[in-house]
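Structural overview
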Amino acid sequence: MKLCDRLTVSYGDKLVLKDFSLSVPDRGITLLRGPSGCGKTTLLRVLAGLVPLTGGNLAVPPAQTAILFQEDRLLPWRTAAQQLSDVLPKERRGEVPALLELAELTGEEDRYPAQLSGGMGRRLALARCLALPARLYLLDEPFAGVDPPRAGRILDRLAGLDAPVLLVSHGEETVPRAARIVELDGPPLSIL
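Residues numbered from 1 in each chain as written. Predicted model: local features only at pLDDT ≥ 70, side-chain atom pairs only at ≥ 80, totals over all residues. Heavy atoms only, no water.

With respect to the overall build of the chain
Across its full length, the chain holds 5 helices and 8 strands. What you see in the chain, going N to C, is helices and strands ordered as β-β-β-α-β-β-α-α-α-β-α-β-β. Taken against the 2.2 N^0.38 rule, which gives 16 Å for 192 residues, the C-alpha radius of gyration of the chain at 17 Å falls within 12% of a compact globule. Structurally, the chain occupies a C-alpha span of about 45 × 35 × 30 Å along its principal axes. Within the span of the chain, comprising 192 residues, buried residues form 49% of the whole. If you take every contact in the chain between residues at least 6 apart in sequence, the share linking residues at least 24 apart comes to 71%. Carbon and sulfur atoms provide 52% of the accessible area of the chain, an area that totals close to 8900 Å². Charge separation in the chain, taken as the distance between the mean sites of 23 positive and 23 negative side-chain charges, equals 3 Å. (Helix = DSSP H or I, 4+ residues; strand = E, 2+ residues; numbered from the N terminus. Rg over C-alpha atoms; globule rule 2.2 N^0.38 Å. Buried < 20%, exposed > 50% of the residue type's maximum accessible area, 1.4 Å probe, protein only. Contact = heavy atoms within 4.5 Å. Areas by Shrake-Rupley, 256 points an atom, 1.4 Å probe, with all protein chains shown as cover. Lys, Arg positive; Asp, Glu negative; His and termini not counted. Charge placed at Lys NZ, Arg CZ, Asp CG, Glu CD.)

Side note on the state of the cysteines
Applying the stated rule across the entire model yields 0 disulfides. Just so you know, C4 is unpaired, no disulfide at all, and the nearest cysteine sulfur is the one on C38, 14 Å from it. Of the residues examined, C4 reaches a relative accessible area of 0% and is grouped as buried. In this structure C38 comes out as buried when scored by relative accessible area, which is 0%. (Disulfide = S-S within 2.5 Å.)

Thoughts on the confidence of the model for the chain
Chain-level pLDDT for the chain is 92 on average; 96% of the residues reach the 70-or-more range. Across residues 188-192, where pLDDT falls below 50, the model places 21 contacts with residues more than four positions away in sequence or in other chains. (pLDDT = per-residue confidence, 0-100.)

A look at the sheet that holds strand β7 (residues 164-168)
A sheet is described by the order of its strands in space; here 5 strands give the open sequence β5-β6-β7-β3-β8, paired in parallel fashion. On the outer flanks of this sheet lie β5 (65-68) and β8 (180-183), each paired with one strand and no other. The sheet shows a mean angle of 15° between the axes of neighbouring strands, taken without regard to direction. Relative to β7, strand β3 (residues 28-33) runs parallel, the two being bridged by 5 bridges. Looking across to β7, one finds that L31 is bridged to L167. The strands touched by helix α4 (residues 118-131) are β5 and β6 (136-140); relative to β5, the strand with the most contacts, the crossing angle is about 175°. (Pairing = 2+ DSSP bridges. Axes fitted to C-alpha atoms, helices over the stretch in contact; angles between N-to-C directions.)

Focus: the packing of aromatic side chains
If you walk through the whole model with that rule in mind, you get 0 aromatic pairs. Looking at R73, its charged tip hangs above the ring of F69, at a distance of 3.7 Å from the centre. (Phe/Tyr/Trp six-rings, centres within 6.5 Å; stacked < 30°, edge-to-face > 60°. Lys NZ or Arg CZ within 6 Å of the ring centre and 35° of its normal.)

A word on the pattern of salt bridges
Counted according to the given criterion, the structure contains 15 salt bridges. Close ionic contact of R6 with D19 constitutes a salt bridge, the shortest N to O distance being 3.5 Å. Of the two residues, R6 sits in strand β1 (residues 2-11) while D19 sits in strand β2 (residues 14-23), which places them 13 residues apart along the sequence. Judged by its relative accessible area of 48%, R6 falls in the partly exposed class. In the salt-bridge network here, residues are joined through shared partners; they are E104, D147, R150, R153 and R157. (Salt bridge = Lys/Arg side-chain N within 4 Å of Asp/Glu carboxyl O.)

Focus on the nonpolar core
Ranked by size, the top nonpolar core spans 37 residues in total, and within it L124, L130, Y137, L139, F143, L158 and L167 carry the most contacts. Going through the elements one at a time, β3, β5, α2 (80-85), α3 (96-102), α4, β6, α5 (148-158) and β7 are the ones with two or more residues in this core. Counting residues per element, this core draws most heavily on α4, at 8 residues. Once you skip the residues sitting within four places of it in the chain, Y137 turns out to touch A66, C129, L130, L132, L161, A163, P164, V165 and L166. L3, L32, C38 and F69 belong to the second largest nonpolar core, which has 26 residues in total. (Core = buried A, V, L, I, M, F, W, Y, C linked by side-chain atoms within 4.5 Å.)

Next comes the structure, spelled out in structure tokens:
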């Protein structure tokens, strides 16, 4: 699946992406790796329609993407189950237990974010992202604070989704589970 063609993005005078094109498999995980500041998060934000382009084209409309930010952005007054049911259409609210199970949060449905560990909150934010119907899932450091064995099990489940996953991570547990690895070595990005 083609995601973008010849993207160019600048922040003022700073060029971040230059003539950047990217395709990913129709299913499975594509891992974006590279040093801090090389444009990984910017790329996800561009694909989600949150950062304007200077040039180029997006092949997947931003409205058909779902993004997991680096911050959990959980609502402190909503329980784990409510975080998920809030984004699901009424006819799909029965999927809450399956989403909690995917994120290994079964039994935590009545807990509030302040009652969850950092890794649990991160997994809840991931489950909420996956609750959204999307043609493309954009995940920025989804396993920060999550132990590697648990992250590996969840990655195995993500690899089976019907939509591609574009994932930014520094964790080594993602490498063997990725259908494709894109190494970014520094700005401005210009990978084909």
